[in-house]
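Listed below, chain by chain, are the residues.
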Protein chains: 2
Amino acid sequence: MAQQGVLTPQNEDFPRWYQDVVAKAELADNGPVRGTMVIRPYGYSIWEHIQSEIDQRIKAAGAQNAYFPLFIPESYLSREAEHVEGFSPELAVVTHAGGEQLTEPVVVRPTSETVIGEFMAKWVQSHRDLPLLLNQWANVVRWEMRPRMFLRTSEFLWQEGHTAHATFEDAAAYARQIHHDVYNDFIQNVLGVQVYLGIKSTSERFAGATNTMTCEGMMGDGKALQMATSHELGQNFAKAFDIKFQDESGTSAYCYTTSWGASTRLIGGLIMAHGDDNGLVVPPRLAPIQVVVLPVRDDEAVNAAVDRVGDQLKVAGIRVTTDRGRGSFGRRVTDWEIKGVPIRLEVGPRDLAEGLVTLARRDSGEKVQVRLEDVASATTNMLEEMQTAILAASRHRLSSRTADVTSVAEAAEAATAGFARLPWDLVRGEGETQLRTQAITVRCLQRADGSMPDHENEANLTCIVAKSY
Amino acid sequence: MAQQGVLTPQNEDFPRWYQDVVAKAELADNGPVRGTMVIRPYGYSIWEHIQSEIDQRIKAAGAQNAYFPLFIPESYLSREAEHVEGFSPELAVVTHAGGEQLTEPVVVRPTSETVIGEFMAKWVQSHRDLPLLLNQWANVVRWEMRPRMFLRTSEFLWQEGHTAHATFEDAAAYARQIHHDVYNDFIQNVLGVQVYLGIKSTSERFAGATNTMTCEGMMGDGKALQMATSHELGQNFAKAFDIKFQDESGTSAYCYTTSWGASTRLIGGLIMAHGDDNGLVVPPRLAPIQVVVLPVRDDEAVNAAVDRVGDQLKVAGIRVTTDRGRGSFGRRVTDWEIKGVPIRLEVGPRDLAEGLVTLARRDSGEKVQVRLEDVASATTNMLEEMQTAILAASRHRLSSRTADVTSVAEAAEAATAGFARLPWDLVRGEGETQLRTQAITVRCLQRADGSMPDHENEANLTCIVAKSY
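So, how was this worked out
Residues numbered from 1 in each chain as written. Chains lettered and ligands numbered in written order. Predicted model: local features only at pLDDT ≥ 70, side-chain atom pairs only at ≥ 80, totals over all residues. Helix = DSSP H or I, 4+ residues; strand = E, 2+ residues; numbered from the N terminus. Rg over C-alpha atoms; globule rule 2.2 N^0.38 Å. Buried ≥ 20, exposed ≤ 12 C-beta atoms within 10 Å, placed from the backbone. Contact = placed C-beta atoms within 7 Å. Pairing = 2+ DSSP bridges. Axes fitted to C-alpha atoms, helices over the stretch in contact; angles between N-to-C directions. pLDDT = per-residue confidence, 0-100. Parallel < 35°, antiparallel > 145°, perpendicular 65-115°, else oblique. Left-handed = near helix turned anticlockwise from the far one by under 90°. Least-squares fit on C-alpha atoms with pLDDT ≥ 70 in both. Core = buried A, V, L, I, M, F, W, Y, C linked by C-beta atoms within 7 Å. Expected span 1.5 Å × (residues − 1).

## Some words on the overall build of chain A
For step 1, the next point in the chain: Tallying secondary structure elements over chain A gives 15 helices and 23 strands in all.
For step 2, the next point in the chain: Its C-alpha atoms give chain A a radius of gyration of 25 Å, within 12% of the compact-globule value 23 Å for 469 residues.
For step 3, the next point in the chain: The principal-axis extent of the C-alpha atoms belonging to chain A is close to 80 × 55 × 45 Å.
For step 4, the next point in the chain: Looking at the 469 residues of chain A, the share that counts as buried comes to 52%.
For step 5, the next point in the chain: Long-range pairs, those at least 24 residues apart, make up 67% of the contacts in chain A with a sequence separation of at least 6.

Structure, rendered in structure tokens:
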């Protein structure tokens, strides 16, 4: 049904296909300042659904939203040595404001550990103030030399959580809770992407962290995408910003802090994890529009049925829209396919004469005729089946395209088509450097059973290596 | 019941009282960079409710959310002469990024007419693309020389709507729809503030607008606060950014655009419109916490009743929290009063023995005993009564402290204690200049019947003048 040639085919040029989808699905445009992006209404409505799902989970984990300033004194960054080293090359600096040169330049936040650390120090006095669990939804700026829409933009939108705890164990447990119950739960059950959960190697850690946990998904071209990260910051920022508390005995001690974030990059992941040559495929639970009702012809009986069907779906709690728009039927089909709407519900005069309408499922292309009176239940079922099928496909891709190998050379070979898994002891140090020359990085470390290690120095770890976005 | 001396009394020093409330209700802290602000969790939860209420209304008016970049090329600002003149003194400028000096400095958006204008020009081709109705939730920066928390901060959060239309009439009607159905409806029916709706005089207009409509509220000290504005931009930005469309006959014409915004300043309005010497008073429909349940004593029967009551209120759809916290009962009462929670529900052993609990209403101080089985309905009724009473009090203040006067001298006198209303013909030109020397400004112009004029040059207009925030 879809028109040919609207999008570059994936196997011809995957990056070009990606750009085509971003443009043709009306997700985003390039901004006028290098590396910035305009998120268009359809792209933003996907982001609103991502936000809402993640925000619910963050609140369920007990964190509260707050808002910290965009501008950070340059001197704050320097207080944590690794942090400033990691972020300096990416900073945007305001030197003039209010018509004058500033005495101290301010940086546009690349992330907010420093400024939030300053306020944690103010707010935390006693063990009774802990844990302090904060989150903010904000824009951040990291100047990008090689920008790519949603994946690497000079400005992006995200949430960043920041917490302070009395003990190492409490901080570690909370960072893991966020990683599992917020990120992995959302990514798997809503975004429909199966990921590897693991920890980063030292060289891939967040600047200033003692441990970084990651969700690594596999995109359609076999490359990895880091979809969300949670960091244990140890006492690094607590010492830099003097975040101290008095314990029950009255002794003063530094807190342990964590931070964790997920961004508009998830939309890039959505596109590349599920998209096909006809465009985006949005999992039903995430989709701003779950069903589009399309009249095959502009005629009275059809129009009446379109209204009735739309109402039935709304009552059933389905996010539905009706497209009586201009353009041919075929053109509209193509447009909604590019936008990845899970189900297209076609209402035509011939079907209608038999009391039927047609449901077309976006991921499989499957078309079924259903009786008008069954439309709500059939649609609900199809949406659930599609959600399940999308995750199953993602899971299949991840396992079938992860090769277990036994040498760095084999890993490099396997990483041309997917992920490679091998003993960490074969890679650490020398091997990691060698792989990096071929643009292959260690995506994460895992235990042999696939679970997340506590730290890099556990025995018998495996590592997943891949090319990545 | 409340402890004395926690807040500076309003009549002793209103600005100091305001600062005390912001600090003691844990709404916000000063940020490290001059004029910036940290919005603390309780303050931010109020903002989330404001956002949700306004966002629903914006969507109901047909506008779609999108996101445009923080950074705007400096040259964009200059394209509309009045716009650049108005905003230049407040701009923050990024001159360095990614470790290099930028060839063209970029400004941090003070508002987004320019960058959105650029994209409207790209997206609008034909009359079928109109109206184009966009909104964004974002942070903006306007460098403040005399910052004041929530009211004037160098960075603030807001929504800014931007629309393009085929005709002057359509643009004018939409700007008015937003003004009435989004802003005034929210401010009156949720925030509980009665405002004057009117248009700004030429000298008080948004830089680049042909007409600015405003909602002017009266604060507790009789000063005015501009709570939201909607602008008709005529073809000014359309010409500057080449926003053109082809009409049905194929003729090319410039669009008419509008913009409209409301910000975290509304929280300042909330504080000053309803607050009293015991702190904030949050209208029930807006309140993140509508009822706080306080056990008078830590005992088994009391604790069981507290749980039961909490559950009953939740089931009734009331936003309730229970405070079994540390600190004395009296201290907790004071703290929740400062936070302005509409109803305090006290559960004590003596009341309980008779099957009763006590409801204390934040605005009036009224306390009533209700039977345990009636607690949900009694609370629901009290919340509704309080919402009505708050608006009635605001309405009473606005009318009783607006003096109808017949000269500029009388207006200046009246503006020391409230608003003054007088014929616009007495003020325009000379009078406006003279009043400004006494820090009194024209807040808005109205028709004699209080309705909103189409433009400044209608005959027989009245004007409202006042000191303002």
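Let us keep going from here.
## Points about the pairing of strand β8 (residues 155–165) of chain A
All names here are of chain A.
For step 1, the next point in the chain: Here β8 lies mainly inside the structure; 10 of its 11 residues are buried.
For step 2, the next point in the chain: In this structure, β8 lies alongside strand β14 (residues 256–263), joined through 8 bridges in antiparallel fashion. Note on β14: the bridge partner recorded for Gln-159 is Ala-262.

## A look at the interface of chain A and chain B
For step 1, the next point in the chain: Contacts between chain A and chain B engage 44 residues on the former and 43 residues on the latter.
For step 2, the next point in the chain: If you tally residues by element for the side of chain A that touches chain B, the top one is strand β5 (residues 92–97) of chain A, at 6 residues.
For step 3, the next point in the chain: Examined bridge by bridge, β5(A) and strand β5 (residues 92–97) of chain B share 5 bridges and lie antiparallel to one another. Bridge pairing in β5(B) links Val94(A) to Val94(B).

## Describing the sheet that holds strand β6 (residues 100–108) of chain A
For step 1, the next point in the chain: The strand order across the open sheet formed by 6 strands is β4(A)-β6(A)-β5(A)-β5(B)-β6(B)-β4(B), and the pairing between neighbours is antiparallel. The open sheet terminates on both sides in strands that have one partner only, identified here as β4 (71–73) of chain A together with β4 (71–73) of chain B. Here the strands of the sheet are splayed against their neighbours by 45° on average, with no regard to which way each runs.
For step 2, the next point in the chain: Relative to β6(A), β4(A) is paired through 3 bridges, and the arrangement is antiparallel. Each bridged residue has a counterpart across the sheet, and for Ile72(A) the counterpart in β6(A) is Val107(A).

## Quick word on unusual backbone geometry
All names here are of chain A.
For step 1, the next point in the chain: Omega for the peptide link from Leu-130 to Pro-131 comes to -5°, which places this bond in the cis form.
For step 2, the next point in the chain: Among the structural elements, Pro-131 can be located in the loop between α5 (113–123) and β7 (132–141).
For step 3, the next point in the chain: Phi is positive for Glu-26, close to 55°, though the residue is something other than glycine.
For step 4, the next point in the chain: Tracing the backbone through its elements, the reader meets Glu-26 in the loop between α1 (14–24) and β1 (28–30).
For step 5, the next point in the chain: The phi torsion at Ala-439 lies on the positive side, around 60°, for a residue other than glycine.

## Describing the confidence of the model for chain A
For step 1, the next point in the chain: Mean pLDDT over chain A: 96, with 99% of residues reaching 70 or higher.
For step 2, the next point in the chain: Both confidence scores are given for the complex: pTM 0.97, ipTM 0.97.

## Re the sheet that holds strand β18 (residues 356–361) of chain A
All names here are of chain A.
For step 1, the next point in the chain: Ordered by their spatial adjacency, 5 strands build an open sheet running β16-β15-β17-β18-β19, and the pairing between neighbours is mixed. If you trace the sheet from one side to the other, it starts and ends with β16 (320–322) and β19 (367–371), each paired once. The average angle at which neighbouring strand axes cross in this sheet is 25°, direction not considered.
For step 2, the next point in the chain: By the bridge criterion, 3 bridges tie strand β15 (residues 291–295) to β16 in an arrangement that is parallel.

## Notes on the packing of helix α2 (residues 41–60) of chain B against helix α6 (residues 168–189) of chain B
All names here are of chain B.
For step 1, the next point in the chain: At a closest axis distance of 9 Å, the pairing of α2 and α6 adopts a crossing angle of 155°. Taken together, the axes of α2 and α6 are roughly antiparallel relative to one another. The hand of the α2/α6 crossing is right-handed. Mapping the contact onto sequence places Glu-53, Ile-54, Arg-57 and Ile-58 in α2 and Asp-181, Val-182, Asp-185 and Phe-186 in α6.

## Concerning the relation of the copies chain A and chain B
For step 1, the next point in the chain: Note on the copies: chain A fits chain B at an RMSD of 0.0 Å, the axial shift is 0.0 Å, and the rotation between them is 180°. Such a turn and shift between the copies fits a two-fold axis. The rotation axis passes nearest to the C-alpha of Val94(A) in chain A, at a distance of 2.1 Å.
For step 2, the next point in the chain: Interface overlap between copies is the fraction of interface residues in one copy that are interface residues in the other; for chain A against chain B it reaches 98%, indicating a shared surface.

## A closer look at the environment of Leu70(A)
For step 1, the next point in the chain: By the secondary structure assignment, Leu70(A) is in the loop between β3 (64–65) and β4.
For step 2, the next point in the chain: Taking the C-alpha atoms as reference points, Leu70(A) and Arg109(A), separated by 39 residues in sequence, lie 5.5 Å from one another.
For step 3, the next point in the chain: Apart from residues lying up to four places away in sequence, Leu70(A) is in contact with Val108(A), Arg109(A), Asn139(B) and Glu155(B).

## Overview of the pairing of strand β14 (residues 256–263) of chain B
Residue and element names in this part refer to chain B.
For step 1, the next point in the chain: Taking burial as the measure, the 8 residues of β14 include 8 buried ones, the bulk of the element.
For step 2, the next point in the chain: Looking at chain direction, strand β11 (residues 224–232) and β14 are connected through 4 bridges and run antiparallel. Each bridged residue has a counterpart across the sheet, and for Thr-229 the counterpart in β14 is Gly-261.

## Re the nonpolar core
For step 1, the next point in the chain: Val94(A), Leu345(A), Val465(A), Val94(B), Leu345(B) and Val465(B) are the most contacted members of the largest nonpolar core, which totals 308 residues.
For step 2, the next point in the chain: With residues near it in sequence (within four places) discarded, Leu345(A) still touches Val291(A), Val292(A), Val293(A), Leu294(A), Val309(A), Val357(A) and Leu359(A).

## Quick look at helix α2 (residues 41–60) of chain A
All names here are of chain A.
For step 1, the next point in the chain: A rise of 1.5 Å per residue sets the reference length of α2, with its 20 residues, at 28 Å; its end C-alpha atoms lie 28 Å apart and thus fit the reference within 8%.
For step 2, the next point in the chain: Within the span of α2, buried status applies to Tyr-42, Gly-43, Tyr-44, Ile-46, Trp-47, Ile-50, Ile-54 and Ile-58.
For step 3, the next point in the chain: A positive backbone phi angle near 90° is found at Gly-62, which sits one or two residues after α2.

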